[in-house]
Amino acid sequence: MISLNRSSFLNKSSTSFSGISSFSHSQRKASATIIVGLSSNGHTNGRVEKKIGVVMESTFKEMNNGAASVLDMDGKTAVHGGVEDVYGEDHATEDQCVTPWTISVASGYSLLRDPHHNKGLAFTVKERDAHYLRGLLPPTVVSQDLQVKKMMHNLRQYQVPLQRYVAMMDLQERNERLFYKLLVDNVEELLPVVYTPTVGEACQKYGSIFRRPQGLYISLREKGKILEVLKNWPEKRIQVIVVTDGERILGLGDLGCQGMGIPVGKLSLYTALGGLRPSSCLPITIDVGTNNEQLLNDEFYIGLRQRRATGQEYKELLQEFMSAVKQNYGEKVLVQFEDFANHNAFELLARYRTSHLVFNDDIQGTASVVLAGVVAALKLVGGTLAEHTFLFLGAGEAGTGIAELIALEMSKQTKAPLQEIRKKMWLVDSKGLIVSSRKESLQEFKKAWAHEHEPVKTLLDAVKAIKPTVLIGTSGVGQTFTKEVVEAMASFNEKPVIFALSNPTSQSECTAEEAYTWSKGRAIYASGSPFDPVEYEGKVFVPGQSNNAYIFPGFGLGLIMSGAIRVHDDMLLAASLAAQVTEENFAKGMIFPPFSKIRKISAYIAANVAAKAYELGLASQLPRPDNLVKYAESCMYSPNYRSFR
């Protein structure tokens, strides 16, 4: 969203543009045209504004000798060519001034309604004079830190989590930097508000709380016009897209168009935790209908009121979407598939991973963070990865994705064939243990996990028969790790590893308190949604949160800063968090580091991922930086306010 502050034109000595005194005769004439186009009160009518826009663009191109101007957003504004800086902030330090570009020859009133540049009461007296803000704000000038303190005070007054979510979304829409400053500085408290578990309820009620679009909605009605729809988004240099079709939102099922809360939340975390600029992130929902009868009958539902499109119609829409994305944003835009149903998720990943930079967080991100947790847990349990046996409740995207990545790491460690290693992984679905006798009736992605064993119908019987050392729940069904199951795990494991990963909290296979109590304080526990610390027999246990937010922000940053053109499984293995867990964390039973360190963790992950991209020859950003961790940190967006000229 780029144009000019009117004071830049009205004052010929303005420092907003370098080289203004060397304007050619035609350039000065163009500037004069702009000044003439202003009315006596400094405002323009619609026709004059349109003329101004055309003249401004031609003037800028003349100034650059025909080269692309800032109006064209040529992609060269980047941190050393890495993560793009659309607003030119990296050409100055935080102590230097920048120009708050607004949508037209601006009044201060417009500036206050531009979330990219609005600072509210933090505008200084000098800035208020320079940008026509006198009288539009109360006289008090406050710091950003005081604004953060005030917002946290206000948020804590709400008793209902959804109210906090709505308040945060409202803040994001009016003051972007304050939103991210708030989130970065209070990540452990606010992460459950902007993401799981609260985002699940927000998606269920999205039609009621919807205020203004935070991303793009592409429905069946846009078939044949998707490229035009992408061009309607105001930001032109997009680096990461999170897209969903809303069919499998968390453990809540088909929420159709209202699944938009997930891409919006994920991209907020890309910025807050991984340092990608908000302007480079685009949330998208593909609306092909919904099979949720409750939503179809809800007068507040905001999506298509029809049953889900399937088969060729669905495939053609997604093909057009993926082609349009590459055409509009280029080869290196990261497309993250989010919360697609199993039957589409695996097919989409397989179809596009060789032609696009794509990543499925449910399959690959979950696998990476769980592998990191398992590797960390081994420091408490003992033994190598290959010495352990894994049992999964849930054989969908998450379960099979985790099993495959753990098996891949085992294979690399032992040099044994992957097919042989897979026999250490056992999966239970809704029909019981996946065994060879069921192979003909299994979906394709489950067949690799069908091993020789007699049929077993229940999870408890499977636990007793397989005797796993690690039990992982990805079923999306709450309370399935019963007391009998946990006690069985504890009966043949000194320290049973139990991951109850389903989201939101209501769908968790068991709570932290249940795991510690039923195992008599011996379980190594992690969950998908946060649980409070648990005291058992005088000892306080801090449950780990196996949250994808540990992985995907840093993973995405690593791909983008290296200019990766494809995602390779070895990059997921490189995103391990084990080295970030301290002895102090282990002493509390934690196998994941606290989120207060997340930006440093993300930089570390980004560096590992980028290093692997360079090693595999998949990086296009050359030459390779000497210190990738420092480079990653230098690429990160800062939410601190900037001073305006």
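Cut-offs used in this document
Residues numbered from 1 in each chain as written. Predicted model: local features only at pLDDT ≥ 70, side-chain atom pairs only at ≥ 80, totals over all residues. Heavy atoms only, no water. Helix = DSSP H or I, 4+ residues; strand = E, 2+ residues; numbered from the N terminus. Buried < 20%, exposed > 50% of the residue type's maximum accessible area, 1.4 Å probe, protein only. Contact = heavy atoms within 4.5 Å. Areas by Shrake-Rupley, 256 points an atom, 1.4 Å probe, with all protein chains shown as cover. pLDDT = per-residue confidence, 0-100. UniProt positions renumbered as here; feature names shortened; annotations may be inferred. Expected span 1.5 Å × (residues − 1). Polar contact = N/O pair within 3.5 Å; in protein donor to acceptor, adjacent residues only side chain to side chain. Pairing = 2+ DSSP bridges. Axes fitted to C-alpha atoms, helices over the stretch in contact; angles between N-to-C directions. Phe/Tyr/Trp six-rings, centres within 6.5 Å; stacked < 30°, edge-to-face > 60°. Lys NZ or Arg CZ within 6 Å of the ring centre and 35° of its normal. Parallel < 35°, antiparallel > 145°, perpendicular 65-115°, else oblique. Nonpolar A, V, L, I, M, F, W, Y, C, P; charged D, E, K, R; others polar.

(A) Focus on the overall build of the protein. The number of helices and strands found in the protein is 27 helices and 16 strands. The buried share of the protein, reckoned over its 645 residues, is 58%. Taking the intrachain contacts of the protein between residues at least 6 apart in sequence as the baseline, contacts between residues at least 24 apart amount to 71%. Carbon and sulfur atoms provide 51% of the accessible area of the protein, an area that totals close to 27,000 Å².

(B) Expanded view of the environment of Leu 572. Here Leu 572 is to be found in helix H24 (residues 569-574). Judged by its relative accessible area of 2%, Leu 572 falls in the buried class. Setting aside residues no more than four positions away along its own chain, Leu 572 makes contact with Phe 359, Gln 364, Ser 368, Leu 405 and Phe 555.

(C) Spotlight on the confidence of the model for the protein. Per-residue pLDDT for the protein has a mean of 86; in total, 83% of the residues score no lower than 70. Taken together, the stretch residues 1-81 has pLDDT below 50 and engages in 114 contacts with residues farther than four places along the chain or on a different chain.

(D) Local environment of unusual backbone geometry. A cis amide bond, omega 10°, links Thr 196 with the succeeding residue Pro 197. For Pro 197, the location among the structural elements is in the loop between helix H9 (187-194) and helix H10 (198-204). Going from Leu 622 to Pro 623, the amide bond is cis rather than trans, its omega being 0°. Mapped onto the secondary structure, Pro 623 falls in the loop between helix H26 (598-615) and helix H27 (628-635). Here the phi dihedral of Asp 339 falls at roughly 55°; this positive angle occurs in a residue that is not glycine. Positive phi outside glycine occurs at Lys 415, with the angle close to 65°. For Lys 415, the position within the fold is in the loop between helix H18 (397-414) and helix H19 (418-421).

(E) Spotlight on the UniProt feature "binding site: (S)-malate" (unreviewed entry) in the protein. As annotated by UniProt and renumbered to match this structure, "binding site: (S)-malate" (unreviewed entry) occupies Arg 248, Asn 503 and Asn 547. By secondary structure assignment, the location of Asn 503 is in the loop between strand S11 (497-500) and helix H22 (512-518). If near-sequence neighbours (up to four positions away) are discounted, Asn 503 is found in contact with Thr 196, Leu 250, Gly 251, Gly 528 and Ser 529. Inspection of the secondary structure puts Asn 547 in the loop between strand S15 (544-545) and helix H23 (552-562). Among the residues examined, Asn 547 registers a relative accessible area of 3% and is labelled buried.

(F) Highlighting helix H17 (residues 361-381). Across its 21 residues, H17 extends 28 Å between first and last C-alpha, which sits within 8% of the 30 Å expected from 1.5 Å per residue. With respect to burial, H17 is a largely interior element, 17 of its 21 residues being buried. With a side-chain oxygen positioned 2.9 Å from the backbone nitrogen of Asp 362, the residue opening H17 is Asn 360. Positioned one or two residues after H17, Gly 382 has a phi angle of 95°, which is positive.

(G) Looking closely at the sheet that holds strand S2 (residues 216-219). Read across the sheet, 5 strands follow the order S2-S4-S3-S5-S6 without closing on themselves; strand pairing throughout is parallel. A single partner strand is all that each edge strand has here, and the edge strands are S2 and strand S6 (358-360). Strand-to-strand twist across the sheet, computed as the mean angle between neighbouring axes with direction ignored, equals 25°. Pairing analysis gives 4 bridges linking S2 to strand S4 (residues 281-287), with the strands arranged parallel. Among the inter-strand pairings, Ile 218 is bridged to a residue of S4, identified as Ile 286.

(H) Spatial organisation of the packing of aromatic side chains. The final tally for this structure, using the stated rule, is 14 aromatic pairs. For the ring pair Phe 179 and Tyr 180, a centre distance of 4.8 Å and an interplane angle of 85° mean the geometry is edge-to-face. Here Phe 210 and Tyr 217 contribute two aromatic rings whose centre-to-centre distance is 6.4 Å and whose plane-to-plane angle is 75°, an arrangement assigned as edge-to-face. The side chain of Lys 119 reaches across the aromatic face of Phe 644, ending 4.7 Å from its centre.

(I) Highlighting the sheet that holds S15. Spatially, 7 strands are ordered S9-S8-S7-S10-S11-S12-S15 in an open sheet, and the strand pairing comes out mixed. Sheet topology places strand S9 (432-433) and S15 at the edges, where each strand pairs with a single neighbour. With 4 bridges connecting them, S11 and strand S12 (residues 524-527) associate as parallel partners. Bridge pairing in S12 links Phe 499 to Ala 526.

(J) Structural context of the pairing of strand S10 (residues 470-473). The two faces of S10 match: Val 470 and Ile 472 on one face and Leu 471 and Gly 473 on the other face are all buried. Taken together, the 4 bridges between strand S7 (residues 390-393) and S10 define a ladder with parallel strand orientation. Across the sheet, residue Leu 391 finds its bridge partner in S10, namely Leu 471. Across 4 bridges, the pairing between S10 and S11 is parallel.

(K) How the structure looks around the UniProt feature "active site" (unreviewed entry) in the protein. The positions that UniProt labels "active site" (unreviewed entry) are, in the present scheme, Tyr 195 and Lys 266. Sequence-wise these annotated residues cover 72 residues; spatially they are packed, their C-alpha atoms never more than 7.5 Å apart. When you line up the elements, Tyr 195 lands in the loop between H9 and H10. Residues contacting Tyr 195, with those up to four places away along its chain left out, are Ile 262, Gly 265, Lys 266, Leu 269 and Glu 338. Within the element layout of this structure, Lys 266 appears in helix H13 (residues 261-274). By relative accessible area, which is 1% here, Lys 266 ends up buried.

(L) Region of interest: the packing of helix H20 (residues 459-466) against helix H21 (residues 483-491). Axis separation between H20 and H21 bottoms out at 9 Å; the angle between their running directions is 5°. Between H20 and H21, the crossing angle belongs to the class labelled roughly parallel. Across from Leu 459, Leu 460 and Val 463 in H20, the residues of H21 making contact are Glu 484, Val 485, Ala 488 and Met 489. Here the contact of H20 with H21 is composed, by residue class, of 6 nonpolar, no polar and 1 charged.

(M) Representation of the side chain of Ser 219 within the structure. When you line up the elements, Ser 219 lands in strand S2. Judged by relative accessible area, which is 9%, Ser 219 ranks as buried. Look past the residues within four positions of Ser 219 in its chain and what remains in contact with it is Asp 287, Leu 304 and Leu 317.

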